[in-house]
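Observations on the model geometry
One letter stands for each residue in the lines below.
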Amino acid sequence: MSLLDSALGYAHRGWRVFPLHGIANGACTCGRSDCGSAGKHPLVRRGLYEATTDPDKLRSWWRRWRSANIGIATGAESGIVVIDIDLPAALPSLGPLLEHGLTRTLTGLTGGGGIHLVFGTSDSELGNSAGRLPGIEGELPGMDLRGNGGYIVAPPSVHISGRTYEWLYPNARLAVAPEWLKQQAWAPIELGDVAAVELVGDGTPYGLAVLRDELDRLAAAQVGARNHELNRSAFVLAQLVAGGELLEAAVRQSLLSTALSIGLDEAESRQTIDSAFDAGTRSPRVAPHRMRR
Ligand SMILES: [Zn+2]
């Protein structure tokens, strides 16, 4: 099935679709030889915010860009949430995932050797997470959630490796998202619960130390992992902004300039930062020593 026909099929299911850069002659169609997310970043300026189920719009996009990969905006508006399992990085995370229980559902095989588990949901609280899943305690390396404000690359998009994304069983039914997959209710931090802090410039000493660590980690991110790393760092830092450890403007600015310095696309980076902030600010964190027992 052609990319256009597949895009139309997804839209028919109510999934909101938008075009991504494709792969031509072994390289990302954006033309940058060092593209950090080849075949995965939006072709349209507003990215997933332009995602639509309108068949005419999809036809005009794929008529213009025949080899555009397919992005599906995840979240309540499309009615889906996706557990994105990057193998082999996620091998240590499979135990905790299986322990929590999974229902058989529509499963995508990514061109990069990963797995997309697609579940039906109308939960508008489920956002994006990197290296963890709401409802499971602790870190889950290689495992991400794509919900509201996120997207996946869908079959039959072409991966930089030359392989195509495929559905394991294209007619598989969509299971309802597992019960345990729930964003923790936002527990607002009461002012009386935490010791007062003094900001030195853009944050507390604790906040600034974490900020430095995160920026170092982002600057050292491997090609292909950069956007993940940006998403993860922005999420962690947004939690600290919400907890009063850092100033939002300073965090956003330093994340963006670091992202640009490692070759990430500006529009895409802003989007990543926005969506990670959206999710991160819903679960504030403060320095451990500020928590009163
Ligand atoms: Zn590119």
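A brief structural summary. Not measured: the values here are computed from a predicted model.

Let us now look at the pairing of strand 1 (residues 16-20). Counted residue by residue, strand 1 has 5 buried out of 5 residues, so it is predominantly covered. Of the pairings in the sheet, the one linking strand 1 to strand 4 (residues 69-73) comprises 5 bridges and is antiparallel in character. Within the sheet, the bridge partner assigned to Phe 18 lies in strand 4 and is Gly 71.

Once that is clear, we can look at the coordination of the zinc ion. Around the zinc ion, the donor atoms from the protein are Cys 28 (SG), Cys 30 (SG), Cys 35 (SG) and His 41 (NE2), and they sit 2.1 to 2.3 Å away. Taken together, the 4 donor atoms coordinating the zinc ion span angles of 103 to 118° at the metal, a pattern that classifies the geometry as tetrahedral. Residue Cys 28 is classed as buried on the basis of its relative accessible area of 7%.

What follows is about helix 4 (residues 205-219). Over its 15 residues, helix 4 runs 21 Å from end to end, which matches the ideal 21 Å to within 8%, given 1.5 Å per residue. Buried residues along helix 4 sit against helix 5 (226-242) and helix 6 (248-261).

Among the structural elements, Asp 123 can be located in the loop between strand 7 (115-120) and strand 8 (129-130). Lacking a salt bridge, the buried Asp 123 has Lys 182 as its closest oppositely charged neighbour, with an N-O distance of 4.9 Å. With residues near it in sequence (within four places) discarded, Asp 123 still touches Ala 76, Asn 148 and Lys 182.

Remark on secondary structure: sheet strands pair via backbone hydrogen bonds, oriented parallel or antiparallel. The strand order across the open sheet formed by 3 strands is 1-4-10, and the pairing between neighbours is antiparallel. With one partner strand each, in any of the chains shown, strand 1 and strand 10 (151-154) form the two edges of the open sheet. Neighbour to neighbour, the strand axes of the sheet diverge by 35° on average, direction disregarded. Note that strand 4 and strand 10 share 4 bridges and pair antiparallel. What sits directly across from Ala 73, in strand 10, is Tyr 151.

Reading the values: the criteria
- Residues numbered from 1 in each chain as written.
- Predicted model: local features only at pLDDT ≥ 70, side-chain atom pairs only at ≥ 80, totals over all residues.
- Heavy atoms only, no water.
- Buried < 20%, exposed > 50% of the residue type's maximum accessible area, 1.4 Å probe, protein only.
- Helix = DSSP H or I, 4+ residues; strand = E, 2+ residues; numbered from the N terminus.
- Pairing = 2+ DSSP bridges.
- Donors = N, O, S within 2.8 Å, 3.2 Å for Na, K, Ca; no water.
- Tetrahedral: all angles 85-135°; square planar, octahedral: opposite > 155°, others 65-115°.
- Expected span 1.5 Å × (residues − 1).
- Contact = heavy atoms within 4.5 Å.
- Lys, Arg positive; Asp, Glu negative; His and termini not counted.
- Salt bridge = Lys/Arg side-chain N within 4 Å of Asp/Glu carboxyl O.
- Axes fitted to C-alpha atoms, helices over the stretch in contact; angles between N-to-C directions.

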